[in-house]
Amino acid sequence: DTEVTQTPKHLVMGMTNKKSLKCEQHMGHRAMYWYKQKAKKPPELMFVYSYEKLSINESVPSRFSPECPNSSLLNLHLHALQPEDSALYLCASTTGETSLNEQFFGPGTRLTVL
Amino acid sequence: AQTVTQSQPEMSVQEAETVTLSCTYDTSESDYYLFWYKQPPSRQMILVIRQEAYKQQNATENRFSVNFQKAAKSFSLKISDSQLGDAAMYFCAYRDNDMRFGAGTRLTVKP
């Protein structure tokens, strides 16, 4: 299994809602990432988890809250988002945070904040 | 900080022709990897090809090949016999610890 899955594919939420994005991989990778991608732009790193511990938080607002329940799962909890948070949210994984190997990307969740 | 520059926001190629996408990067490291990722419209980002900096031989994957010039810090992607399915955003990426992406090149393939 060389796949990173993400659910849901699409999400529309209001500014007062609470929702969660989910990411899963079964490749035994120990580093997992959340990226935000705006249209026609490269992915911007948000968080890095290494061995289920948060190792990098790229100054992301607290309305985004990551969670890594186990080595295969990565969640992103959303609360009180703003319309400018609308974007494609990508999850990725790789063998290890310090590994030079490629990152495998999920298909993303397209988030619209009304 | 490492930076990755893709100087071509858009490129166009005729089907069956060859196109080269440019990428330059800046680093003081000697050990790193370079990647080209493809992201079709509304579809998943997938790895096209990768190059280890310690390898002098240019990587090749079927119709995709790179021209890696380490001293010049250049890493271009050549797509031969272009197909309609090659139309996508192409991101050049650099990795030592962090992954850094270029701004992307949008490739259009004309039938």
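Relevant structure appears above.
Presented here is a report on the structure given in the accompanying data block.

What follows covers the layout of surface pockets. When its volume is computed, the largest pocket comes out at roughly 450 Å³. Lining of the largest pocket is provided by 21 residues; of these, L88 and R110 of chain A together with P41, S42 and R43 of chain B occupy positions nearest its centre. By residue class, the composition of the lining of the largest pocket is eight nonpolar, six polar and seven charged. As a volume, the second largest pocket reaches approximately 180 Å³. Around the second largest pocket sit 12 residues that line it, and P43 and L45 of chain A together with M99, R100 and F101 of chain B are the ones nearest its centre. For the lining of the second largest pocket, the elements supplying multiple residues, two or more each, are β1 (3-5) and β11 (99-101) of chain B. No other element matches β11 of chain B, which puts three residues into the lining of the second largest pocket. Its residues assigned to classes, the lining of the second largest pocket shows seven nonpolar, two polar and three charged.

Right, let's get into empty space enclosed by the protein. Rolled over the atoms, a probe sized like a water molecule indicates the empty space that remains. All names here are of chain A. If you walk through the whole model with that rule in mind, you get one cavity of 30 Å³ or more. Empty space within the largest cavity amounts to approximately 40 Å³. Around the largest cavity sit H29, R30, A31, M32, Y49, Y51, E52, C68 and S71, which together line it. By residue class, the composition of the lining of the largest cavity is five nonpolar, two polar and two charged.

All names here are of chain B. Going through the model one piece at a time under the given rule, you end up with seven salt bridges over all chains. Between R50 and E52 there is a salt bridge, with the nearest N and O atoms lying 3.6 Å from each other. Of the charged contacts in the structure, one is a salt bridge between K55 and E52, with a shortest N-O distance of 3.9 Å.

All names here are of chain A. The step from T7 to P8 runs through a cis peptide bond, and the omega angle for that step is -10°. Note on placement: P8 falls in the loop between β1 (4-7) and β2 (10-13). At A80, a position not held by glycine, the phi torsion is positive, near 60°. With respect to the element layout, A80 can be found in the loop between β8 (73-79) and β9 (87-94).

Conventions adopted
- Residues numbered from 1 in each chain as written.
- Chains lettered and ligands numbered in written order.
- Predicted model: local features only at pLDDT ≥ 70, side-chain atom pairs only at ≥ 80, totals over all residues.
- Heavy atoms only, no water.
- 1 Å grid on protein atoms, 1.4 Å probe; cavity = no way out; pocket = protein on both sides within 12 Å on 5 of 7 lines; lining within 4 Å.
- Points joined across faces, edges and corners; volume = space filled by probe spheres on them.
- Nonpolar A, V, L, I, M, F, W, Y, C, P; charged D, E, K, R; others polar.
- Helix = DSSP H or I, 4+ residues; strand = E, 2+ residues; numbered from the N terminus.
- Salt bridge = Lys/Arg side-chain N within 4 Å of Asp/Glu carboxyl O.

Interpretation note: all reported values are geometric properties and have no functional meaning in isolation.
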